[in-house]
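# Summary of structural features
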Amino acid sequence: MRKKIVAGNWKMNLTLAQGEQLINDILQAGLTLKEGQEVVVATPFPYLLKAKALLKNYPGFYVAAQNCHSEKSGAYTGEVSAEMLQSIGVDYVILGHSERREYFQESNAMLAKKIDQALANGLKPIFCCGEPLEVRQAETQNAYVAKQLEESLYHLTAEQLKQVVIAYEPIWAIGTGLTASAAQAQDMHAFIRSQIANKFGREAGLHISVLYGGSAKPGNAAELFSCPDVDGGLIGGASLVAADFVSIIEKLS
Ligand code: PGA
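Attention here is on the structure that accompanies the text.

Rules used in this analysis
Residues numbered from 1 in each chain as written. Predicted model: local features only at pLDDT ≥ 70, side-chain atom pairs only at ≥ 80, totals over all residues. Heavy atoms only, no water. 1 Å grid on protein atoms, 1.4 Å probe; cavity = no way out; pocket = protein on both sides within 12 Å on 5 of 7 lines; lining within 4 Å. Points joined across faces, edges and corners; volume = space filled by probe spheres on them. Nonpolar A, V, L, I, M, F, W, Y, C, P; charged D, E, K, R; others polar. Core = buried A, V, L, I, M, F, W, Y, C linked by side-chain atoms within 4.5 Å. Buried < 20%, exposed > 50% of the residue type's maximum accessible area, 1.4 Å probe, protein only. Contact = heavy atoms within 4.5 Å. Pairing = 2+ DSSP bridges. Helix = DSSP H or I, 4+ residues; strand = E, 2+ residues; numbered from the N terminus. Axes fitted to C-alpha atoms, helices over the stretch in contact; angles between N-to-C directions.

We now examine the layout of surface pockets. Roughly 490 Å³ of volume is contained in the largest pocket. The wall of the largest pocket is formed by 14 residues, among which Lys-11, Met-12, Gln-66, Arg-100 and Phe-104 lie closest to the centre. By volume, the second largest pocket amounts to about 160 Å³. Along its surface, the second largest pocket is lined by 15 residues, and Gly-175, Ser-215, Ile-235, Gly-236 and Gly-237 are the ones closest to its centre. When its residues are assigned to classes, the lining of the second largest pocket shows five nonpolar, seven polar and three charged.

The structure is reproduced here in structure tokens:
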């Protein structure tokens, strides 16, 4: 009943021509997605329209932005609103990625506003959470992630929450080659699901897709995706190589 999703986060990589080639190579693989499976490509802003056009005739393939602003509109030079993204047909928006939190000072409270903007404009947020290494070493990761969920998502209604996807991305695993073990991922995903169920009800907990992110690759995706509470992945580095991204998508069960 839950959507299974593999989302590629290109971050600040590739030119338009390279991005177009990447999408075409992914499509060339002729993947057949099963019912309830989705592939999401999160490109830089300037390529979203193009990506949307390339994926137009491919059911199950969607486009995501990597961010949106917390306000509706106005004097915010250089920023992009959720309404603008909706107006060009974007489906998803990644919010709260650890790089945004670290380099652009995005707080849980600011992310709550971004979530509201996304939902008000028909975008489905992929809300990222996850702990830094020192928190994992102190074994306080559950409380850390619980606070992120509470401060950015708990003001929503259960109905609104249905549009939200969560991505658990332990910061110590992002771009480092270190992956959470399947057991570590499963433990945290089950914890996240239980928190959501406690706050929004059992149905909401069962319904929400929780993706794993952090050095996911063809060699570890099958094991991660086989965990009962892991509903796919948010893929950084490996999403830039068509063969790797396709291989990861093929690991969805
Ligand atoms: P990675 O990035 O797969 O390169 O570790 C994941 C992410 O940042 O979403």
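Still to come is the rest of the account.
This part covers the nonpolar core. It is characteristic of soluble globular proteins that their nonpolar side chains tend to be buried jointly. Formed by 69 residues in total, the largest nonpolar core has its most connected members in Leu-85, Leu-149, Leu-153, Ile-166, Ile-192 and Tyr-212. The residues contacting Leu-153, other than those within four sequence positions of it, are Ile-115, Phe-127, Val-164, Ile-166 and Phe-200. Listed in part, the 13 residues of the second largest apolar core include Ala-64, Ile-126, Cys-128 and Leu-234.

The next point concerns the sheet that holds strand β6 (residues 165-168). Spatial ordering of the closed barrel is given by β1-β2-β3-β4-β5-β6-β7-β8, a layout of eight strands whose pairing is parallel. Going from strand to strand, the sheet's axes swing by 25 degrees on average, the running direction of each strand aside.

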